[in-house]
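If you want the building blocks of each chain, they are given just below.
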Amino acid sequence: GGGLNVGDVDSKAEKMHLPTGEAMTEAAVITKLLSKVPAGKQANLASFIVSLFAFYRDLHFAYLEINPLVMLEDNTVVPLDMAAKIDETANFLCAQKWGPVDW
């Protein structure tokens, strides 16, 4: 882990379970994940989350983490740091989308 102990993030995190094959909607994201986000920021953040999930699914990521993520005064969402992993399955299923990958 990192050099700073910030507590048990998982116990504080909002969670949304999405059954396989079910579409993620902005309305569901707002209801299940964004109740603590100011109302004026919910729509843009929900749109970002839905788009990010589509990107994650389409490119067959094994893991994707953004931390921290900030929202500017104009409601632009800015990921400040990201970690991601793909595996051989992603390479097999969508190599044309990924292009050359140095394993």
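Quick caveat, the model's predicted, so the values are computed rather than measured.

A.B. asks: Is there a simple way to think about the overall build of the chain in this case?
C.D. replies: Helix and strand counts for the chain come out as 4 helices and 4 strands. Written out in order from the N terminus, the α and β elements of the chain read α-α-α-β-β-β-β-α. For the chain, the spread of C-alpha atoms along the three principal axes comes to 40 × 35 × 30 Å. A total of 103 residues make up the chain; the buried ones form 16% of that total. Sequence separation of 24 or more characterises 34% of the internal contacts of the chain that already satisfy a separation of 6 or more.

A.B. asks: Help me understand the nonpolar core, please; the structure alone is not making it clear to me.
C.D. replies: The tendency in soluble globular proteins is for nonpolar side chains to be buried side by side. Within the largest apolar cluster, 9 residues are counted, these being M16, M24, A28, V29, L34, L45, A46, V50 and V77. Of all the elements in the fold, those that place two or more residues in this core are α2 (26–33) and α3 (39–58). Here this core gets 3 residues from one element, more than from any other, and that element is α3. If we ignore the near neighbours within four places in the chain, the residues touching M24 are M16, L18, V29, I49, V50 and F53.

A.B. asks: What should I look at first to understand unusual backbone geometry in this one?
C.D. replies: What you tend to see is this: most non-glycine residues have negative phi, and most peptide bonds are trans. For the peptide bond that leads from N67 to P68, omega is 5°, which places it in the cis range. Looking at the secondary structure, you find P68 in the loop between β1 (63–66) and β2 (69–71). Although it is not a glycine, H60 adopts a positive phi angle of roughly 55°. If you trace the backbone, H60 turns up in the loop between α3 and β1. Overall, the relative accessible area of 33% leaves H60 in the partly exposed class. Even without a glycine there, the phi angle at N75 is positive, about 75°. Locating N75 in the fold gives a position in the loop between β2 and β3 (77–79).

A.B. asks: Hey, could you run me through the pattern of salt bridges in this one?
C.D. replies: Once the charged atoms of two side chains with opposite charge are near each other, the side chains can pair. Within this structure, the stated rule accounts for 2 salt bridges. In this structure, E14 and K36 form a salt bridge, with 3.0 Å as the shortest nitrogen-oxygen distance. Within this pair, whereas E14 is found in the loop between α1 (9–12) and α2, its partner K36 is found in the loop between α2 and α3, the two being separated by 22 residues in sequence. A relative accessible area of 36% places E14 in the partly exposed class. Between K97 and D58 there is a salt bridge, and its shortest N-O distance comes to 2.5 Å. With a gap of 39 residues between them, K97 in helix α4 (residues 88–98) and D58 in helix α3 connect regions that are remote in the sequence.

A.B. asks: Looking at this model, I keep getting lost on the environment of A95. Mind explaining?
C.D. replies: With respect to the helices and strands, the residue A95 is situated in helix α4. Overall, the relative accessible area of 31% leaves A95 in the partly exposed class. The spatial distance from the C-alpha of A95 to the C-alpha of L59 is 9.0 Å, given a sequence separation of 36 residues.

The rules behind each value
- Residues numbered from 1 in each chain as written.
- Predicted model: local features only at pLDDT ≥ 70, side-chain atom pairs only at ≥ 80, totals over all residues.
- Heavy atoms only, no water.
- Helix = DSSP H or I, 4+ residues; strand = E, 2+ residues; numbered from the N terminus.
- Buried < 20%, exposed > 50% of the residue type's maximum accessible area, 1.4 Å probe, protein only.
- Contact = heavy atoms within 4.5 Å.
- Core = buried A, V, L, I, M, F, W, Y, C linked by side-chain atoms within 4.5 Å.
- Salt bridge = Lys/Arg side-chain N within 4 Å of Asp/Glu carboxyl O.

As far as function goes, none of this settles anything; it's purely spatial.
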